[in-house]
Amino acid sequence: MQILDLATLLVCVTAALAFVNARYWKLPASIGVTVGGLGVSLIIFGLVSLDVPLAREVVALVRGIEFSDFVFQGVLSFLLFAGALGVNSHALWGLRGPVLTFALLSTAISIALVGGATYALLGAFGLDVSFIYCLLFGALISPTDPVAVLGMLKQAGVPKRIETLVAGESLFNDGVGVVAFAVLAGIAAASGGGGEAHGSASHGAISAGGIALFFAQEALGGLALGLFLGWLGWLALRSVSDFVVEVLVTLSVVLACTAIAANLHVSAPLAAVAAGLLIGSLKDRRPEGLSSHERFEGFWHLADELLNIFLFALLALEVVVVRFSGQSLLLGVIAIPLVLLVRTISVQLPVMVLGRRRDFNPYTRRLMVWGGLRGAISVALAFTVPAGPERDLFLVMTYVVVVFSIIVQGLTVGRLAARASGVDEGKTGAP
């Protein structure tokens, strides 16, 4: 009965939080559910301290949820596929240079800078944490969460070119970040750092060539798998005119991306993005090729919204399994401006490289920095760090950064997006 108990708890709590938010708070769904979930977690903490049996049972149920499995083997591929479906693949292809530059270069710069700054910060507090673990923290906190970013873009009327660039960068830097995390986790495991983290396929010492090969296998293999499965789905959708079959075909593509990627040791997030973009190209070019364009979009929009809300509710409830301390909370607070500063640098440097050929609207850079929300993916990766004091510390630091990102940045980025929407991009044609 534990699976039923867990499902009942998650659905009932999520429904209650969504109702209260829609009825009274009227915040964006992901933010409202996160705030409410954190409030519920604090109440549970208080009841546990009073030794209330029901509260202890709830904590035991939440502890039984493998959050990283729920994210990576459950909802993430569906969310990324739905997000990619909503991006105009042809417009994204026109911006492929900037998108790939930001996804690769910005993520690499961010991982290195956050890792180095974290190593210095922890050393200043007298904590002896190896540099590879600090890079691991850089890898898990650097990718912007496409779930949060795409949700923000849907509500903001930003110019299409800016929306495409920000959405594309977020979709791809997530996959790149997960692959980089797997590589660094393998190095940490090989150096005697403990058990393997999510996605690591390392056994023994890792050479530079092995790292490059592993990265290529994960990233390029994931893209190739997604394109192949997306092509099969594209062919199937072209030859039928039945809404139920069309939904079943796309669901099977997403599930196949997740399952096959896990067995081939390639990136499931990148596979889901590639498949979504390819199938989305049929929707963009030939909307009449689907029996009911609006119903098809409506299904995936509903699935996206429901899974998004469930994910953020569980993200908030997972706070009950995190071991907090005064020092770790302080380090988390310090990490907030550190991560924002590094994000600014990691966006500005590629802009300087790309600026020789194209102009970037100032609001594009600001939106990429302040709208680069961190979310459940970072927390899920933190849960997969090998067990030990480093994981407990990084979990707290990650949680603090993520909560600030979702609530503070999420509530204020709309104003910045509104300013960006007032920019006449037609004057320059630049993103």
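Residues numbered from 1 in each chain as written. Predicted model: local features only at pLDDT ≥ 70, side-chain atom pairs only at ≥ 80, totals over all residues. Heavy atoms only, no water.

1. Considering a nonpolar patch on the surface
Where nonpolar side chains cluster on the molecular surface, the patch consists of Leu113, Leu341, Ile345, Leu349 and Met352 and spans about 420 Å² of accessible area. It is helix α14 (residues 326–354) that contributes the most residues to the nonpolar patch, four residues altogether. In this fold, Leu341 is placed in helix α14. A relative accessible area of 53% places Leu341 in the exposed class. (Patch = residues over 30% accessible without salt bridge, like charges linked within 9 Å, V, L, I, M, F, W, Y side chains within 5 Å. Areas by Shrake-Rupley, 256 points an atom, 1.4 Å probe, with all protein chains shown as cover. Salt bridge = Lys/Arg side-chain N within 4 Å of Asp/Glu carboxyl O. Helix = DSSP H or I, 4+ residues; strand = E, 2+ residues; numbered from the N terminus. Buried < 20%, exposed > 50% of the residue type's maximum accessible area, 1.4 Å probe, protein only.)

2. Regarding the confidence of the model for the protein chain
The pLDDT averaged across the protein chain works out to 86; a share of 89% of its residues lies at or above 70. The low-confidence segment residues 199–205 (pLDDT under 50) makes 13 contacts with residues lying over four places distant or belonging to another chain. Below a pLDDT of 50 lies the segment residues 424–429, which in the model reaches five contacts outside its immediate sequence neighbourhood of four places, other chains included. (pLDDT = per-residue confidence, 0-100. Contact = heavy atoms within 4.5 Å.)

3. Remarks on helix α4 (residues 67–85)
In a regular helix each residue adds 1.5 Å, so 19 residues correspond to 27 Å; α4 covers 25 Å between its end C-alpha atoms and thus fits that length. For α4, the principal kink sits at Val75 and spans about 55°. Burial of α4 is extensive: 15 of the 19 residues sit out of reach of the surface. (Expected span 1.5 Å × (residues − 1). Bend = angle between axes of the 7 residues up to and from the residue.)

4. Digging into the pattern of salt bridges
Going through the model one piece at a time under the given rule, you end up with three salt bridges. A salt bridge links Glu169 to Arg343, with the shortest nitrogen-to-oxygen separation between them at 3.3 Å. Placement of the pair is Glu169 in helix α9 (residues 160–190) and Arg343 in helix α14, with a sequence separation of 174 residues. Of the two residues, Glu169 and Arg343, both sit in the buried class.

5. Remarks on the packing of helix α1 (residues 2–25) against helix α2 (residues 29–49)
Where α1 meets α2, the closest approach of the two axes is 9 Å, and the angle between their N-to-C directions is 115°. The angle between the axes of α1 and α2 places the two elements in the roughly perpendicular class. Viewed along their axes, α1 and α2 form a crossing whose handedness is right-handed. Note on element contacts: α2 touches α1 through Ala29, Gly32, Val33, Gly36, Gly37 and Val40, opposite Leu17, Ala18, Asn21 and Trp25. Of the residues in the contact of α1 with α2, the class split is six nonpolar, four polar and no charged. (Axes fitted to C-alpha atoms, helices over the stretch in contact; angles between N-to-C directions. Parallel < 35°, antiparallel > 145°, perpendicular 65-115°, else oblique. Left-handed = near helix turned anticlockwise from the far one by under 90°. Nonpolar A, V, L, I, M, F, W, Y, C, P; charged D, E, K, R; others polar.)

6. Some thoughts on the environment of Ile132
The residue Ile132 is located in helix α7 (residues 131–141) in this model. With 52 residues separating them along the chain, Ile132 and Leu184 place their C-alpha atoms 7.1 Å apart. Discounting chain neighbours no more than four positions away, the residues touching Ile132 are Leu184, Ile187 and Ala188.

7. Focus on the packing of helix α6 (residues 96–124) against α9
Here α6 crosses α9 at 40°, and the two axes come no closer than 8 Å. By the angle between their directions, the pair α6 and α9 is classed as oblique. Viewed along their axes, α6 and α9 form a crossing whose handedness is right-handed. Taking contact as the criterion, the partners of Pro98, Val99, Phe102, Ala103, Leu104, Thr107 and Ile111 in α6 are, on α9, Leu165, Gly168, Glu169, Phe172, Asn173, Val176, Gly177, Ala180 and Leu184. Residue composition of the contact of α6 with α9, grouped by class: 11 nonpolar, four polar and one charged.

8. A few points about the nonpolar core
Grouped together as the largest cluster of nonpolar side chains are 113 residues, with contacts concentrated most on Phe67 and Leu315. In terms of residues, this core owes the most to one element, helix α17 (residues 389–421), which gives 14 residues. The contact partners of Phe67, leaving out residues within four places of it in the chain, are Leu311, Leu314, Leu315, Glu318, Ala376, Val379, Ala380 and Phe383. Membership of the second largest hydrophobic core comes to 21 residues, among which are Leu229, Leu237, Val253 and Leu282. (Core = buried A, V, L, I, M, F, W, Y, C linked by side-chain atoms within 4.5 Å.)

9. Digging into the packing of aromatic side chains
This structure, assessed with the given rule, holds seven aromatic pairs. Ring centres of Phe67 and Phe383 lie 5.9 Å apart, and the angle between their planes is 55°; this geometry places the pair in the tilted category. Here Phe383 lies in helix α16 (residues 376–383) and Phe67 lies in helix α4, a separation of 316 residues in the sequence. Like Phe383, Phe67 is buried. For the pair Phe81 and Trp300, a centre-to-centre distance of 5.0 Å together with 55° between the ring planes defines the contact as tilted. (Phe/Tyr/Trp six-rings, centres within 6.5 Å; stacked < 30°, edge-to-face > 60°.)

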